[in-house]
Amino acid sequence: MITKELLREEVASRRKSENRQSVESKSIEITSRVINLLPFIKAKSVMCYMDFKNEVITRYIIHHCFEHGKRVVLPLVDKTDGLKRIVPYEIMDEKRDVAPGMLGILEPRKDRAKSFNREEIDVVIVPGVAFDLCKNRLGYGAGLYDRFLSSVNNNCTKIGIAFEFQIYDAVPLEEHDIPLDFLVTEERII
Ligand SMILES: Nc1ncnc2c1ncn2[C@@H]1O[C@H](COP(=O)(O)OP(=O)(O)OP(=O)(O)O)[C@@H](O)[C@H]1O
Ligand SMILES: [Mg+2]
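The model shown is predicted, which means the values in this text are computed figures rather than measured ones.

A. Region of interest: the coordination of the magnesium ion (ligand 2). The protein atoms donating to the magnesium ion (ligand 2) are Asp146 (OD) and Asp177 (OD), with metal-donor distances spanning 2.0 Å. Remark: aspartate 177 occurs in the loop between strand S11 (167–168) and strand S12 (182–184) and aspartate 146 occurs in helix H5 (residues 144–149); sequence separation between them is 31 residues. Grouping residues by exposure puts aspartate 146 and aspartate 177 together as buried.

Structure, rendered in structure tokens:
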């Protein structure tokens, strides 16, 4: 099987060659599939990520949440004790409550956003580099999401979103990797 490193390189170069218009239109298609999933419809709180470098754009999902009275939660990468970890924060305003953090990715502002109890997150929209047909995911290699997903409520629905070119038959898997409940692309729901 292809190694994690090779897979990460392959997807990164494929992502670079995508034009912005295609990223936008595919992201809108993905959004419409996500917002029609039953666990998403029922969700009172949704944790999103902030996209960067041609990842699936989450802005449309966030807008939908605000319009439908769903609470919006974003990850803040905390590194106080040396180990980087994701801490969830609720935002009320998509623009005012965020600022650039690690790698320039937008993060919730500690002075404006409110720490959110991870037990109360109903849906997590999960980013990733590559995914497979068994809904396994490969991330950027920090183990950030693996650790975070192992700490949320059992009833929390984990939805991976990705472009078709990020879907492989199988990605390398380890004990700590947490599979998703749904994988949504511009063409299908897995
Ligand atoms: N639940 C966990 N508990 C302890 N260590 C973990 C856990 N999950 C991941 N790690 C550590 O993080 C390292 C990176 O994991 P992995 O290669 O799965 O990252 P990834 O899934 O690509 O990254 P990410 O989750 O940040 O997107 C692993 O070597 C592992 O030691
Ligand atoms: Mg992993």
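B. Spatial organisation of the packing of aromatic side chains. The final tally for this structure, using the stated rule, is three aromatic pairs. Ring centres of phenylalanine 52 and tyrosine 140 lie 6.1 Å apart, and the angle between their planes is 55 degrees; this geometry places the pair in the tilted category. Taken as a pair, phenylalanine 52 in the loop between strand S1 (45–47) and helix H4 (59–67) and tyrosine 140 in the loop between strand S9 (137–138) and H5 lie far apart in primary sequence, 88 residues in all. Residue tyrosine 140 is classed as partly exposed on the basis of its relative accessible area, which comes to 44%. Here the guanidinium or amino end of arginine 14 rests over the ring plane of phenylalanine 165, the centre of that ring lying 4.3 Å away.

C. Representation of the site of ligand 1 in the model. Taken together, 14 residues surround ligand 1, and among them Lys4, Arg137, Leu144, Asp146 and His176 come closest. Between glycine 143 and ligand 1, the recorded distance is 3.0 Å, taken from a backbone N or O atom to an oxygen atom. No other element matches H5, which puts four residues into the shell around ligand 1. Tallied by class, the residues present in the shell around ligand 1 amount to four nonpolar, four polar and six charged.

D. Looking closely at the packing of helix H2 (residues 20–34) against H4. Between H2 and H4, the shortest axis-to-axis distance is 8 Å and the interhelical angle comes to 40 degrees. When the axis of H2 is compared with that of H4, the two are oblique. Note on element contacts: H4 touches H2 through Arg59, Tyr60 and Ile61, opposite Glu24, Ser27, Ile28, Thr31 and Val34. For the contact of H2 with H4, a count of residues per class yields four nonpolar, two polar and two charged.

E. Highlighting the pattern of salt bridges. Within this structure, the stated rule accounts for 15 salt bridges. A salt bridge links arginine 188 to glutamate 164; its shortest N-O distance comes to 2.9 Å. Of the two residues, arginine 188 sits in the segment after S12 while glutamate 164 sits in the loop between strand S10 (157–161) and S11, which places them 24 residues apart along the sequence. Within the structure, one salt-bridge network assembled from shared partners comprises Arg14, Glu18, Lys26 and Glu186.

The rules we used
Residues numbered from 1 in each chain as written. Chains lettered and ligands numbered in written order. Predicted model: local features only at pLDDT ≥ 70, side-chain atom pairs only at ≥ 80, totals over all residues. Heavy atoms only, no water. Donors = N, O, S within 2.8 Å, 3.2 Å for Na, K, Ca; no water. Helix = DSSP H or I, 4+ residues; strand = E, 2+ residues; numbered from the N terminus. Buried < 20%, exposed > 50% of the residue type's maximum accessible area, 1.4 Å probe, protein only. Phe/Tyr/Trp six-rings, centres within 6.5 Å; stacked < 30°, edge-to-face > 60°. Lys NZ or Arg CZ within 6 Å of the ring centre and 35° of its normal. Near = heavy atom within 4 Å. Polar contact = N/O pair within 3.5 Å; in protein donor to acceptor, adjacent residues only side chain to side chain. Nonpolar A, V, L, I, M, F, W, Y, C, P; charged D, E, K, R; others polar. Axes fitted to C-alpha atoms, helices over the stretch in contact; angles between N-to-C directions. Parallel < 35°, antiparallel > 145°, perpendicular 65-115°, else oblique. Contact = heavy atoms within 4.5 Å. Salt bridge = Lys/Arg side-chain N within 4 Å of Asp/Glu carboxyl O.

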